[in-house]
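Here's the letter readout for the chains.
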Number of protein chains: 2
Amino acid sequence: MKTLIDKIKSEGQVYPGNILKVDSFLNHQIDVELLKAIGEAFFQRFKHTPIDKILTIEASGIAIAVIAAQYFKVPVVFAKKGEVKHHLVYSTLIHSYTKNKTSIVQVNKNFLKENERILIIDDFLAKGEAVYGLIDLVNQAKAQVVGIGIVIEKGFQEGGARLRSQGYHLESLAIIDSMDQKGVQFRE
Amino acid sequence: MKTLIDKIKSEGQVYPGNILKVDSFLNHQIDVELLKAIGEAFFQRFKHTPIDKILTIEASGIAIAVIAAQYFKVPVVFAKKGEVKHHLVYSTLIHSYTKNKTSIVQVNKNFLKENERILIIDDFLAKGEAVYGLIDLVNQAKAQVVGIGIVIEKGFQEGGARLRSQGYHLESLAIIDSMDQKGVQFRE
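Residues numbered from 1 in each chain as written. Chains lettered and ligands numbered in written order. Predicted model: local features only at pLDDT ≥ 70, side-chain atom pairs only at ≥ 80, totals over all residues. Heavy atoms only, no water.

1. Examining the relation of the copies chain B and chain A
Mapping chain B onto chain A leaves a residual RMSD of 0.0 Å; the transformation is a rotation of 180° accompanied by 0.0 Å of translation along its axis. Look at the turn and shift together and you get a two-fold axis relating the two. Taken as a fraction of all interface residues of chain B, those also at the interface in chain A reach 100%, which identifies the copy contact as same-surface. (Least-squares fit on C-alpha atoms with pLDDT ≥ 70 in both. Contact = heavy atoms within 4.5 Å.)

Spelled out as structure tokens, the structure:
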């Protein structure tokens, strides 16, 4: 997706540890025009897949998921981080390498139902920790992951290849082949 | 806003301690059609006010703010919770009575600039803790709060009256006069 790649090239900041900061337009400040183009791009890639619900994770997935959901005309559910207080939730553990932190993540059982067709949406894919956590929640509910939409995939880490080899329909709007202080190289 | 009030009447759940759960359409699962109507309602109420940016707070404010921002055609900034790691942020403390927890909340200094006209948007207003925290961040940046848009105001708590008496242009789409296990009464 060219507008996204151009934006990453001009405003993304690379830090040691394979960290790409996109705080100025995606993760802290949000460029809503770009976000609409992202939502539309996901719709173009998944419009032939019947979808009942979009699942994402707080906080940075929420903006992307709700804008995309307008095109699909389906509800969004966002998994919440934090202590589980009762048994009326599905829960899993997700480790963030960027934040070096493991979080309990949960969804109320009322909001993921058996046989629902779920599109997972998130901002980043690297090793796949967050996506596999969300897949785990969907599986616990006996719902079905029919697609995974990612804004920025770090193609040099294993998450994307692993998900594709397992047969998931994964669509990433920008795939990074390598990055360092000098810049970011994208897959054609 | 009638569709919102009807939704609260049919799906909102009242718990002891003046807690109103709207998890099924606003705070965990999100009814995106309703959210679009909410965004448009904010636009109708603030369309004559010049606005540069919408400010909200993670996590539940994000969905509302980005949908509203589409109508205003401005960027969103969401204040983040968690430890301050460097001095390049404005920070403040916000206490949640619902969660009985005080959080450090911060915005990168690059994303709130002097003289910017800021519309604050959030899901709930009760005692006003979150809104006053966001106002504090705007003031630290020498920006200007030109409006406050709230989805659900607990009119029986003091936040709304206090903000209005201080001259803020506060618009709440649903104002609750009282609530208990039997139901929710709204202000006309």
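2. With respect to the environment of A:Q157
All names here are of chain A. With respect to the element layout, Q157 can be found in the loop between β9 (144–154) and α6 (159–165). With relative accessibility at 16%, the residue Q157 sits in the buried group. Counting along the chain gives 21 residues from Q157 to S178, while the straight-line C-alpha distance between them is 9.6 Å. In contact with Q157, other than residues within four places in its own chain, are N18, A126 and K127. (Helix = DSSP H or I, 4+ residues; strand = E, 2+ residues; numbered from the N terminus. Buried < 20%, exposed > 50% of the residue type's maximum accessible area, 1.4 Å probe, protein only.)

3. Concerning the pattern of salt bridges
Summed over all chains, the structure comprises 20 salt bridges over all chains. Here A:D31 and A:K7 are joined by a salt bridge, their closest N and O atoms 3.1 Å apart. Here A:D31 is found in the loop between β3 (29–30) and α3 (32–46), whereas its partner A:K7 is found in helix α1 (residues 2–11), with 24 residues between them in sequence. The partner of B:D52 in a salt bridge is B:R117, and the shortest N-O contact between them spans 3.1 Å. Here the residue B:D52 occupies a position in the loop between α3 (32–46) and β4 (53–57), and B:R117 occupies one in strand β8 (residues 117–125), the gap between them amounting to 65 residues. Owing to a relative accessible area of 27%, B:D52 belongs among the partly exposed residues under this scheme. Exposure remark for B:R117: the relative accessible area of 32% places this residue in the partly exposed category. Linked by salt bridges that have partners in common, A:K7, A:E11 and A:D31 make up one network. (Salt bridge = Lys/Arg side-chain N within 4 Å of Asp/Glu carboxyl O.)

The quantities given are spatial measurements derived from coordinates; they are silent on function.
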